[in-house]
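Survey of secondary and tertiary structure
If you want the building blocks of each chain, they are given just below.
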Amino acid sequence: MLIGEDFEKIQFPVFGYDFVEPNALYGDFIVGILSVVFAILCSRYFKQTNLIFFKHWKRFFYVFGIGFAYGGLAHFCYNYLGIPGKVPSWYVGGIISLIFVELAMASLLQKNLYTRLVRFFIIKTVVICILQACLILFIDLRKAPELGLIGPTLAMITSLPTSLGVLGYRFSKSITPSFMYFWWSLIVFSPSLIFQVMKINFHQWFDRNDVSHILMFVNILLYFMAVKGYFHFQTKSNEGGKSIDARGSYS
């Protein structure tokens, strides 16, 4: 076990090519594939309800899943792609995908508030993307690749505590209890920050990134459980002859 430093990258030569970190490849791919599966299911929910809530979650799962899967390839092909190979996953999976979480949760608020929040979310995301670009351009990330996660981390702490924590708790009381899975996800994933910041690595084949992959797997499962619960809530309400507006109120 190592704390405060990382094990040497696992070398994985195949057909004369020097690949590294195969554990990161399969970990990211598992999370990515699961996300795409959830995206397909959310697409079906959207077609049945026509609620933008499900449309935004579909977008999140697609974008996040593709970004995460590509991130696995970037780890695996690091000897050939280097830091530039990690850039797309930082932007796509770590920053851009989170705006869809914010939009999905905000869509359950009043329409005029949702419209104002859309502008705010877009501006915030653009600012974080610019800051990430400055980081990449002016800091030598080859010496400290973990600094490349500053942008995604900033995007996460400025979006998830409010959208999943505050709104998730509020909607679990006012709409359906299934929304509790959203704020549970924050509790489940929080240890990942400790492992990453303190560089806690159990084994060369099970390091801090592998811990994050497991927690992320549970995280997106909790996301989908909340989304699925809201879909069933809508379905039962429609069967009862009641219509529900975008805020989850009966009309």
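Everything discussed here concerns the structure shown above.
In this text the structure is predicted, and so the values were computed from the model without any measurement.

**Here we look at the overall build of the protein**
Counting its secondary structure elements, the protein contains nine helices and four strands. When the elements of the protein are put in sequence order from the N terminus, they spell out β-β-β-α-α-α-α-α-α-α-α-β-α. Since a compact globule built from 251 residues should have a radius of gyration of about 18 Å, the 19 Å found for the protein is in line with a globular shape. Each of the three principal axes of the protein carries a C-alpha extent, and together these read 65 × 30 × 30 Å. Of all 251 residues assigned to the protein, the portion counted as buried reaches 50%. Within the protein, residue pairs in contact and separated by at least 24 positions form 69% of the contacts whose partners lie at least 6 positions apart.

**Remarks on the pattern of salt bridges**
Under the defined criterion, the tally for this structure stands at three salt bridges. We note a salt bridge from K9 to E21, for which the minimum N-O separation is 3.4 Å. Of this pair, K9 sits in the loop between β1 (2-3) and β2 (11-14) while E21 sits in the loop between β3 (17-20) and α1 (22-49), and the two are 12 residues apart along the sequence. Note on K9: relative accessible area 38%, which makes it partly exposed. The exposure class of E21 is buried, given its relative accessible area of 8%. Taking the shortest distance from any N to any O, the salt bridge between K124 and E102 comes out at 3.1 Å. You can see K124 sitting in helix α5 (residues 111-138) and its partner E102 sitting in helix α4 (residues 87-106), a full 22 residues away along the chain. Judged on exposure class, the residue K124 and its partner E102 are both buried.

**Examining the packing of α4 against helix α6 (residues 150-157)**
Packing of α4 against α6 brings their axes to within 9 Å, and their N-to-C directions diverge by 15°. By the angle between their axes, α4 is roughly parallel relative to α6. Two packed elements cross with a definite hand, and for α4 against α6 that hand is left-handed. On the side of α4, the interface is formed by W90, G94, I95 and L98, while α6 contributes G151, P152, A155 and M156. Class assignment of the residues belonging to the contact of α4 with α6 gives a composition of six nonpolar, two polar and no charged.

**Regarding the packing of aromatic side chains**
The full count for this structure, using the stated rule, is 33 aromatic pairs. Arranged with centres 6.2 Å apart and planes meeting at 65°, the rings of F19 and Y80 form a pair that is edge-to-face. Residue F19 is found in strand β3, and its partner Y80 is found in helix α3 (residues 78-81); the two are separated by 61 residues along the sequence. K9 extends its terminal NZ or CZ atom over the ring of Y78, reaching a point 5.0 Å from the ring centre.

What counts and how
- Residues numbered from 1 in each chain as written.
- Predicted model: local features only at pLDDT ≥ 70, side-chain atom pairs only at ≥ 80, totals over all residues.
- Heavy atoms only, no water.
- Helix = DSSP H or I, 4+ residues; strand = E, 2+ residues; numbered from the N terminus.
- Rg over C-alpha atoms; globule rule 2.2 N^0.38 Å.
- Buried < 20%, exposed > 50% of the residue type's maximum accessible area, 1.4 Å probe, protein only.
- Contact = heavy atoms within 4.5 Å.
- Salt bridge = Lys/Arg side-chain N within 4 Å of Asp/Glu carboxyl O.
- Axes fitted to C-alpha atoms, helices over the stretch in contact; angles between N-to-C directions.
- Parallel < 35°, antiparallel > 145°, perpendicular 65-115°, else oblique.
- Left-handed = near helix turned anticlockwise from the far one by under 90°.
- Nonpolar A, V, L, I, M, F, W, Y, C, P; charged D, E, K, R; others polar.
- Phe/Tyr/Trp six-rings, centres within 6.5 Å; stacked < 30°, edge-to-face > 60°.
- Lys NZ or Arg CZ within 6 Å of the ring centre and 35° of its normal.

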